[in-house]
Amino acid sequence: MRAVGRGDVSLSAFQAALNTRIAAWRGERIVWHGLGAGVGGHCWRVQGTTGRWFVKTAADARELFEAEADGLRALHAARSVRVPQVLEAGECGGTGYLILEWLVLGAGNAVAAARLGTQLAKQHRCLGARFGWARNNFIGTTPQFNAWHEDWPGFFRDRRLGFQLRLAAENGYQGELQTQGARLLEKLPAFFAGYTPPPSLLHGDLWGGNWGVLDDGEPAVFDPAVYYGDREADLAMTELFGGFPAEFYRAYDAQFPRDAGYPLRRDLYQLYHLLNHLNLFGDAYRAQVERLMQRLLAEAG
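Residues numbered from 1 in each chain as written. Predicted model: local features only at pLDDT ≥ 70, side-chain atom pairs only at ≥ 80, totals over all residues. Heavy atoms only, no water.

**Quick notes on the overall build of the protein**
Then, in step 1: Counting its secondary structure elements, the protein contains nine helices and 11 strands.
Then, in step 2: Scaling as 2.2 N^0.38, a compact globule of 301 residues should have a C-alpha radius of gyration of about 19 Å, and the protein matches this with 20 Å.
Then, in step 3: With the principal axes as the frame, the protein shows a C-alpha extent of 65 × 45 × 35 Å.
Then, in step 4: Considering only intrachain contacts with a sequence separation of at least 6, the fraction spanning at least 24 residues in the protein is 66%. (Helix = DSSP H or I, 4+ residues; strand = E, 2+ residues; numbered from the N terminus. Rg over C-alpha atoms; globule rule 2.2 N^0.38 Å. Contact = heavy atoms within 4.5 Å.)

**Topic: helix α8 (residues 262–281)**
Then, in step 1: Along its 20 residues, α8 runs 28 Å from first to last C-alpha, staying within 8% of the 28 Å computed at 1.5 Å per residue.
Then, in step 2: With 15 of its 20 residues buried, α8 lies for the most part within the structure. (Expected span 1.5 Å × (residues − 1). Buried < 20%, exposed > 50% of the residue type's maximum accessible area, 1.4 Å probe, protein only.)

**Notes on the confidence of the model for the protein**
Any residue range with low pLDDT should be treated as having predicted coordinates unsuitable for detailed reading.
Then, in step 1: Averaged over all residues, the pLDDT of the protein equals 91, while 93% of them reach at least 70.
Then, in step 2: Taken together, the stretch residues 1–9 has pLDDT below 50 and engages in 29 contacts with residues farther than four places along the chain or on a different chain. (pLDDT = per-residue confidence, 0-100.)

**A short note on the side chain of His 203**
Then, in step 1: Inspection of the secondary structure puts His 203 in the loop between β8 (200–202) and β9 (211–213).
Then, in step 2: The buried category is assigned to His 203, whose relative accessible area is 1%.
Then, in step 3: The residues touching His 203, leaving out its near neighbours within four places in the chain, are Leu 75, Gln 123, Asn 210, Val 221, Phe 222, Asp 223, Pro 224, Ala 225, Val 226 and Asp 234.

**Remarks on the pattern of salt bridges**
Then, in step 1: Applying the stated criterion to the full structure yields 17 salt bridges.
Then, in step 2: The residue Arg 73 makes a salt bridge to Asp 70 at a minimum N-O spacing of 3.0 Å. Note that Arg 73 and Asp 70 are positioned in helix α2 (residues 62–77) at a spacing of three residues, about one turn of the helix.
Then, in step 3: Note that Asp 259 is salt-bridged to Arg 265, the shortest N-O span being 2.9 Å.
Then, in step 4: Three or more residues joined by partner-sharing salt bridges are found here, namely Glu 239, Asp 253, Arg 258, Arg 266, Asp 267 and Arg 295. (Salt bridge = Lys/Arg side-chain N within 4 Å of Asp/Glu carboxyl O.)

**Some words on the packing of aromatic side chains**
Then, in step 1: Under the counting rule described, the total for this entry stands at 15 aromatic pairs.
Then, in step 2: Centre to centre, the rings of Phe 54 and Trp 102 are 6.4 Å apart; their planes meet at 50°, and the pair counts as tilted. A residue pair is termed long-range when its members are at least 10 positions apart, and Phe 54 in strand β3 (residues 52–59) and Trp 102 in the loop between β5 (95–101) and α3 (110–124) qualify at 48 residues.
Then, in step 3: Owing to a relative accessible area of 22%, Trp 102 belongs among the partly exposed residues under this scheme.
Then, in step 4: When the centroid spacing of 5.6 Å and the interplanar angle of 45° are considered together, the rings of Trp 133 and Tyr 228 count as tilted. Taken together, the residues Trp 133 in the loop between α3 and β6 (137–139) and Tyr 228 in strand β11 (residues 227–229) connect sequence positions 95 residues apart.
Then, in step 5: Take Trp 133: its relative accessible area is 11%, and that puts it in the buried class.
Then, in step 6: Taken together, the aromatic side chains of Phe 131, Trp 152, Phe 155, Phe 156, Tyr 227 and Tyr 269 make up a single cluster linked through ring pairs. (Phe/Tyr/Trp six-rings, centres within 6.5 Å; stacked < 30°, edge-to-face > 60°.)

So, in structure tokens, the structure goes:
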């Protein structure tokens, strides 16, 4: 996916076209304020006469934004964790866009983190019939394939870890990384001995940068990669890239205690995201991925 820029529809032309659309929809005059780069594109505060909205734009990104919109709607319907309301997602002149409710978010704190832990535990009790999702979506800009599967270890092997390993091979990461990866896929059942999770509604990309706190103290989350999976996959992501406050985990466990085998599977689920970062951002993640694979193989026996 490319950022809006030279070679794409001009941003001014796109803004004019979307202004017309929003004006017809809301009956308002629109002013755009740039907020900087987003994943593959740009982020904006769009000010109208009676309100303002958060808008994401990127070239050739209709599918990405429509998938994100579907995920946000599903999280909203769960009535557990606050998410921005979706107003519209689509494409205009070759540029994809997503229009969301504007939320004023501050940094997380211990009290809000505890509330989020309680709310996430409630969300994880929203169960699906199978593992996966009704459509494919994205983790960052990487495709995330969600075809339904009856068996969680099989889903994680085929749709998550196996896919990232194949993508790494296509990106030139061969040798020991692929050898270790193949061995790990063979040993995957060892991580799930005596553990059969139900298909919980997951945020899918719940790291520390994807939540904040509203003025009233209510936590909110955003930028999901939703599917039905093992709830521990969400919790594992919260411990990667900075982590969440201890109050979050205490509150979560008070409502929905983690299984004793969680620390072992946490490393496995984090490997998925680290492989994705390797595929997105390059060789800086290779050593970390290989060390984690070695540790997992040792733990699997």
